[in-house]
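Residue-level structural notes
Spelled out, the chains give:
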Amino acid sequence: MATAKNTRSAEDFLPGELTYPALVKAAAGCKGCDLYKDATQTVFGEGDIDSGVIFIGEQPGDEEDKLGHPFVGPAGKLLDRAFVEAGIDRNSVYLTNAVKHFKWKPRGKRRIHEKPRASEIQACEPWLHSEIILLRPRIIVCLGATAAQALLGSDFRGQRCVGSGSRRRMRNN
Ligand code: SF4
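Before going into details, it helps to say that this report is about the structure given with it. (Residues numbered from 1 in each chain as written. Predicted model: local features only at pLDDT ≥ 70, side-chain atom pairs only at ≥ 80, totals over all residues.)

For the chain, the helix and strand inventory stands at five helices and seven strands. Within the chain, contacts between residues separated by at least 24 positions form 71% of all contacts whose residues are at least 6 apart in sequence. (Helix = DSSP H or I, 4+ residues; strand = E, 2+ residues; numbered from the N terminus. Contact = placed C-beta atoms within 7 Å.)

Laid out in structure tokens, this is it:
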């Protein structure tokens, strides 16, 4: 199915210098697609930028949108349990999303998660790519199809993890 080309993108909001603080500051003002309009704030990636390991989710949820931090809502709690079972210290990895603003639709008083369109994932890609270039990860874990599509293209189907370089065992500090 053909997807309408998005003429706007985060590309226009990238900072002149590629540092983590510069990316966070610049992303806070991003208007690369319309998702910023109904969201509270940009939720940029957080964690150990020197870890060499990036976990990528789809987009921030309701609680992440309010608090401004990734993976602090129900999905984050599920991920925390998975980290504990896998013996991974959450603080020893970097967590981010393919799309940095919360997309939602109203249902009564609640804000219900809505899957971002391919054009919105594409518009937000410059942030994710900048994070990857800056962090130079050896391992990238895609938490779902949207993250994989952001990395591998919109025709990606199914669940798969991709990594660059050798896998390494992560231990608790
Ligand atoms: S979703 Fe991404 S591209 Fe769209 S406004 Fe937010 S940060 Fe910018």
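We now examine the nonpolar core. Counting 31 residues, the largest nonpolar core has Ile 54, Ile 56, Ala 98, Cys 124, Leu 128, Cys 142 and Ala 147 as the members making the most contacts within it. Where this core is concerned, the elements lending two or more residues are helix H1 (20-27), strand E2 (53-57), strand E3 (94-97), helix H4 (118-135), strand E6 (139-142) and helix H5 (145-152). By residue number, the principal contributor to this core is H4, which donates six residues. With sequence-adjacent residues up to four places away left out, Ala 98 is seen in contact with Ile 56, Glu 58, Gln 59, Ile 121, Cys 124, Leu 128, Thr 146, Ala 147 and Ala 150. (Core = buried A, V, L, I, M, F, W, Y, C linked by C-beta atoms within 7 Å. Buried ≥ 20, exposed ≤ 12 C-beta atoms within 10 Å, placed from the backbone.)

This part takes up the environment of Val 53. Of note, Val 53 is situated in strand E2. Taking the C-alpha atoms as reference points, Val 53 and Leu 95, separated by 42 residues in sequence, lie 8.7 Å from one another.

A few words on H5. All buried positions along H5 are accounted for by Thr 146, Ala 147, Ala 148, Gln 149 and Ala 150. In this fold, the buried residues of H5 make contact with E2, H4 and E6. The positive-phi residue at the C-terminal boundary of H5 is Gly 153, with phi of around 110 degrees.

So, on to the site of the ligand. Among the 16 residues in the neighbourhood of the ligand, the closest are listed as Cys 30, Gly 32, Cys 33, His 101 and Cys 124. Ranked by the residues each element gives to the shell around the ligand, the list is headed by H4, at four residues. Residue classes in the shell around the ligand are distributed as ten nonpolar, three polar and three charged. (Near = placed C-beta within 6 Å. Nonpolar A, V, L, I, M, F, W, Y, C, P; charged D, E, K, R; others polar.)

Attention now goes to the pairing of E2. With five of five residues buried, E2 lies mostly within the body of the structure. Burial of E2 is two-sided: the residues Val 53, Phe 55 and Gly 57 facing one way and the residues Ile 54 and Ile 56 facing the other way are all buried. Note that E2 and E6 share four bridges and pair parallel. The partner of Val 53 across the bridge, within E6, is Ile 139. (Pairing = 2+ DSSP bridges.)

This part takes up helix H3 (residues 74-86). Residues lying three or four places apart along an α-helix face the same way, a consequence of the helix completing one turn every 3.6 residues. Taking 1.5 Å of rise per residue, 13 residues should cover 18 Å, and H3 covers 18 Å from first to last C-alpha, within 8% of that figure. Burial analysis of H3 places just zero of its 13 residues in the buried class, a small minority of the element. One or two positions beyond H3, positive phi appears at Gly 87, with a value near 75 degrees. (Expected span 1.5 Å × (residues − 1).)

No statement about biological role is implied by the geometric values presented.
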